[in-house]
Amino acid sequence: MGDVLVERDPFLAPLLEWVPDADARSGRLVLLGGEAGVGKSSLIGLLTTRVGADVTMRRGYCDNVATPAPLGPVIDALPELADHIEVTTAATRPRLFREIRARLADHPTVLLLEDVHWADEATLELIRFLGRRLEGMPLLAVVTFREDEVGPGDLLTALLGDLATAPSVDRMHLPSLSAEAVATLVADAGSGLDADALYRRTGGNPFFVTEVLAAGSVEAPSTVRDAVLARLTALSPAARDVLGAAAVLGPGASLRLLGEVAGQPAEAVDECVDHGVLVADQGGTGFAFRHEIARETVEASLSAGARTRHHAAALAALIRLGGADDHRLAHHAAGSGQQEEAVRYSIAAAGDSGRLGAHREAARGYRLALHFPEVLDREQTAALNDHLSYECYLTNEHEAALVARRRALELHAQADPASEAVGAAQRWMSRLCWFLGRGAEADRYADLAVATLEPLGAGHELAMALSNKAQLAMLAGRVPETLDWGRRAVELARSIGDRDVESHALNNIGTALLFGSDPIEGIARLHQSLDIAVTDDLHEHAARAYTNLGAGQVRNRTLAGADQDLRAGIAYCAERDLDAWRLYMLAWLAVSTLEQGRYAAATQLAEEVIRNPNTPPVSRIPALVVAGTVAHRRGDRGLADEWLDEASDLAASTGEVQRIMPVAVARAEAAWSVDDLDAAARELAVLDVFPPDQFLDWELAEADWWRRTVGTGVPARTSVPEPFARMADGDWLGAAAVWEQIGCPWWQGVCLSHAESVDDARVGIELLTVTGAVDTRTALMRGRRRAGQVIPRGPREQTRANPAGLTARELDVLALLADGLTNAQLADRLFLSAKTVDHHVSSVLHKLGAPNRAAAAAAARQRGLLPKMGNAPDVRP
């Protein structure tokens, strides 16, 4: 019986509409999901028959094997790029992806990639790459996947989340058939089966329904497996042998290969095709089951002996015929129990995967090799664990990486406890412990690595161990220590010509200076590190340089420069699919956006980081702080507590002041906003255990501001950034002006709300209101009331009536501003101080979303906010 295509027109119609022509201005990516057997392949198969000859059709398949070949389905779809893919490395993979995009954009194309729930990491990264770059492509790409085989921690889950809001990307769910559709199929087949009973038994799964009908059963089998096997009873033993071989080989097996592995003539293959169990591919050179469920069922029904024999025959035949990749050879060697061959081919396959950047598949290969310890000696086992640890590190599986590296360290130490291999493993243990928030262990292993490697003399591993010490000191805020270790690492790296370590060490030095006493020199050193990394294709070092440039400038309140470097770094990492670094920079961009008062955008950035299942703690912490801060300022205290409590737990486990300090301040602010000053003081007290030299001046000043606000002691400081110094002196208008210049409206609003003038306080309150910081506004009004200050009234009727929320005074300012008056002239005309006028102008620009005075005037005219001719504003005091 043919494929089921009833009730599929509503899904086929949009696909046909999206098939591109030569005039297409943008491509479309469709993520087609559904349960196994629901008809995804049948739907896109029908699509291929409706596409005109002027559209290029490309199709690739993902295989359910232990170690899938990287970009295997891409080679199916674009076989002309096979040689190019073979020589591609992780460093040159972006170039390959651009070439693939160019090929697909050259002519109207339909690209079909099936069963991507089995896809290798590189294939999924290509889908992500294309999904973010559909503009200008005459392309319809359809990828199918089983929704019931996608779990929370899967790479495909992350991909679906990443592309959920991408333009021109559509998610399509293919449902099971209705009872009416099943009844139609039963009637068309002339079957005597009870249609309602068949629907209840099969749940409307199209594959299950057609297998039952094709088997000619007098009653419906209880499972899909029973239905498939019932259909096979009509085949000869020779044909069933062919099916067993086809099940083990997977899709695309040639007639010759099928015959050799099954030990049966071509007529047995023809019998399988005639009965509709096997189908020939588009080129007619390969054969596959009509549906993957049937292949899985037949393979599962094989006895252990038959399965082993088929795998052994497949391995022998593939070696003899040539052209098979190491991934498939490893699969069959493991399946046939040939341990030495399984180890050899799985190691080769893992190397190929790692070279292409398919690091999860590389890890699978090394795990498969380690599955056969009987044929591995100590040195091989140690090396495999080293490799496995590195691949797990690259895929954010840090716990698994630590376990493998610890095993490698034990084995290396058994052979020679003073060897370079031991020192290298100790340095990696330090790095992994830091990623997992285990600061004390990270420091201990770092010291062990240097002690092991120094007696061995100059070399890459010693230079890297020195730079690792610098990095840990930098992350802990120990600037002098960072500079000492970093300069030693740079000197050694340059003496041996190791630009890799030189870039790494310059990054540590630059970051320490940026966070310390010489930010300008720090930025210069970071750009020097970045230049080396970009020139030498050192992707991780480049990402780290962008990250530290951006994060360092955010912490120093240089927000415009931070945004520029963070956005450049995010684009660099997105281009190269360095998602761990991209997430870290997104978190810091969220921090910068929060400081600039753009709460909706900040929350969106933070939640993108938080909802990613692979986000490590160091990236999750700042994102949680942003989300929690926005929530409590907006009055959602339950959500704020949830975010900030998690951030506190994660930060405490790191022991690093740069993680702990933002959390403590955010929690103190949240406690202050609900008038719990004792709780706020307790939150700030956790910072007292850290020496002052581990904080930036900005961080000390912010913590001191909150200490003063909640009534605890504040030590004397020699260097306090200007706005905080003015706040400490009670110069609220001067501090507000500096915060305005920096671009921090929350702090500007806080300062104005403390001002003696009720007019200035009203501007501050309205600035907080327009950004959504309602809990901050309430807390500040409570403070003014206790201090005996005049409380600014809420928005006047005129303010509520106009669409921009401008006060009467701000409407006066806007009218005169539109007439071209300077701030000094405005002050004179309105009988206000210059600083008060400055704040009114700033508030007007903010509420209108205008970058300058001319744009504000234009926006006011467009919205009808300016007085009509002859109605000049009342400028009496």
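Going by the structure above, here's the rest.
Rules behind the numbers
- Residues numbered from 1 in each chain as written.
- Predicted model: local features only at pLDDT ≥ 70, side-chain atom pairs only at ≥ 80, totals over all residues.
- Heavy atoms only, no water.
- Helix = DSSP H or I, 4+ residues; strand = E, 2+ residues; numbered from the N terminus.
- Buried < 20%, exposed > 50% of the residue type's maximum accessible area, 1.4 Å probe, protein only.
- 1 Å grid on protein atoms, 1.4 Å probe; cavity = no way out; pocket = protein on both sides within 12 Å on 5 of 7 lines; lining within 4 Å.
- Points joined across faces, edges and corners; volume = space filled by probe spheres on them.
- Nonpolar A, V, L, I, M, F, W, Y, C, P; charged D, E, K, R; others polar.
- Phe/Tyr/Trp six-rings, centres within 6.5 Å; stacked < 30°, edge-to-face > 60°.
- Lys NZ or Arg CZ within 6 Å of the ring centre and 35° of its normal.
- Pairing = 2+ DSSP bridges.
- Patch = residues over 30% accessible without salt bridge, like charges linked within 9 Å, V, L, I, M, F, W, Y side chains within 5 Å.
- Areas by Shrake-Rupley, 256 points an atom, 1.4 Å probe, with all protein chains shown as cover.
- Salt bridge = Lys/Arg side-chain N within 4 Å of Asp/Glu carboxyl O.
- Lys, Arg positive; Asp, Glu negative; His and termini not counted.
- Charge placed at Lys NZ, Arg CZ, Asp CG, Glu CD.
- Core = buried A, V, L, I, M, F, W, Y, C linked by side-chain atoms within 4.5 Å.
- Contact = heavy atoms within 4.5 Å.
- Axes fitted to C-alpha atoms, helices over the stretch in contact; angles between N-to-C directions.
- Left-handed = near helix turned anticlockwise from the far one by under 90°.

Student: What should I look at first to understand unusual backbone geometry in this one?
Tutor: Residues other than glycine predominantly adopt negative phi, and peptide bonds predominantly adopt the trans conformation. Located in the positive-phi region is D115, a residue other than glycine, with phi close to 60°. By the secondary structure assignment, D115 is in the loop between β3 (109-114) and α6 (121-131). A relative accessible area of 15% means that D115 is categorised as buried. Even without being glycine, R557 reaches a positive phi, approximately 60°.

Student: What's the story with empty space enclosed by the protein in this structure? I'm lost.
Tutor: With a probe scaled to a water molecule rolled over the atoms, the places where space remains empty come into view. This model, assessed by the stated rule, comprises 2 cavities of 30 Å³ or more. Along the walls of the largest cavity sit 25 residues, with V591, E595, V625, P662 and E702 positioned nearest its centre. Elements with a minimum of two residues in the lining of the largest cavity: α28 (539-555), α30 (579-595), α32 (617-633), α34 (657-673), α36 (697-710) and α39 (745-754). Here the lining of the largest cavity is composed, by residue class, of 15 nonpolar, 2 polar and 8 charged. Put simply, the second largest cavity is a space of about 80 Å³. Taken together, F207, E211, V228, R231, L232, G276, V277, R290, H291 and A294 make up the full set of residues lining the second largest cavity. If you tally residues by element for the lining of the second largest cavity, the top one is helix α11 (residues 224-232), at 3 residues.

Student: Would you mind showing me how to read the packing of aromatic side chains here?
Tutor: Each aromatic ring pair is specified by the distance between its two centres and by the angle formed by the two planes. As enumerated under the stated definition, the model contains 19 aromatic pairs in all. Aromatic side chains W746 and W747 sit 4.9 Å apart centroid to centroid with 85° between the ring planes, which places their arrangement in the edge-to-face category. The burial state of W746 is the same as that of W747; both residues are buried. Taken together through their ring pairs, the aromatic side chains of W672, W698, W705, W706, F724, W732, W739, W746 and W747 make up a single cluster. The ring of Y445 carries R444 above its face, with NZ or CZ at 4.6 Å from the centroid. One Lys or Arg, R633, reaches over the ring of W746 and ends 4.0 Å from the middle of that ring.

Student: Please explain the sheet that holds strand β6 (residues 253-254) as it appears in this structure.
Tutor: Pairing between sheet strands relies on hydrogen bonds along the backbone, with the strands arranged either parallel or antiparallel. As summarised here, the arrangement of the 3 strands in space is β6-β8-β7, forming an open sheet in which the pairing is antiparallel. The sheet is open, and its two edges are formed by β6 and β7 (278-280), each paired on a single side. Here 3 bridges tie β7 to strand β8 (residues 286-289), and the two strands are oriented antiparallel to one another. The partner of L278 across the bridge, within β8, is F289.

Student: Looking at this structure, I do not really get a negative patch on the surface. What am I missing?
Tutor: Together, E7, E180, D194 and D196 make up a region of like negative charge exposed at the surface. With respect to the helices and strands, E180 occurs in helix α8 (residues 179-189). For E180, a relative accessible area of 57% puts it in the exposed group.

Student: Please explain the pairing of strand β4 (residues 139-146) as it appears in this structure.
Tutor: Residues in a regular strand project their side chains so that they alternate between the two faces of the sheet. Summarising burial for β4: 8 of the 8 residues are buried, a large majority. Neither face of β4 is left uncovered, since the one carrying L139, A141, V143 and F145 and the one carrying L140, V142, T144 and R146 both have all their residues buried. Pairing of strand β1 (residues 28-34) with β4 involves 7 bridges; the strand directions are parallel. Among the inter-strand pairings, G33 is bridged to a residue of β4, identified as F145. Looking at chain direction, β3 and β4 are connected through 5 bridges and run parallel. From the neighbouring strand, L113 faces β4, where its bridge partner is V143.

Student: Honestly, the nonpolar core in this entry has me stumped. Any pointers?
Tutor: Where a protein is soluble and globular, its nonpolar side chains tend to be buried together. One finds L243, L258, F289, M727 and W747 to be the most contacted residues of the largest nonpolar core, which totals 185 residues. For L243, the contacting residues outside a window of four places in its chain are L232, L235, C272, V277, L278, F289 and V298. If you look at the next biggest cluster of nonpolar residues, it comprises 39 residues, including L96, F129, M137 and L356.

Student: I tried to follow the packing of α36 against α39 on my own but got confused; where do I start?
Tutor: Geometrically, a packed helix pair is captured by the angle between its two axes and the distance between the axes. The interhelical angle for the contact between α36 and α39, taken along N-to-C directions, is 35°, at an axis separation of 15 Å. For α36 against α39, the interelement crossing comes out left-handed. Contacts between α36 and α39 involve E702, W705 and W706 from the former and W746, W747, V750 and H754 from the latter. Taken together, the residues of the contact of α36 with α39 sort by class into 5 nonpolar, 1 polar and 1 charged.

Student: Looking at this structure, how should I read the sheet that holds strand β2 (residues 56-61)?
Tutor: Strand order in the open sheet made by the 5 strands is β2-β3-β4-β1-β5, with parallel pairing throughout. Both edges of this open sheet fall to β2 and β5 (169-173), since each of them pairs with a single strand only. The average undirected angle you get between the axes of adjacent strands in this sheet is 15°. One ladder, built from 6 bridges, connects β2 with β3; its direction is parallel. Opposite G60, over in β3, you have L113 as the bridge partner. Its contacts with the sheet put helix α1 (residues 9-18) on β1, β4 and β5, and the angle it makes with β5 is roughly 160°.

Student: Would you explain the pattern of salt bridges in this entry?
Tutor: As a working rule, side chains carrying opposite charge can pair if their charged atoms are close by. Scanning the entire structure with this criterion turns up 44 salt bridges. Notably, a salt bridge pairs R59 with E114, separated by 2.7 Å at the nearest N-O pair. Taken together, the residues span a long stretch of sequence, with R59 in strand β2 and E114 in strand β3 at a distance of 55 residues. Among the residues examined, R59 registers a relative accessible area of 16% and is labelled buried. Counted as one network, the salt bridges with shared partners bring together R58, E80, E99 and R103.

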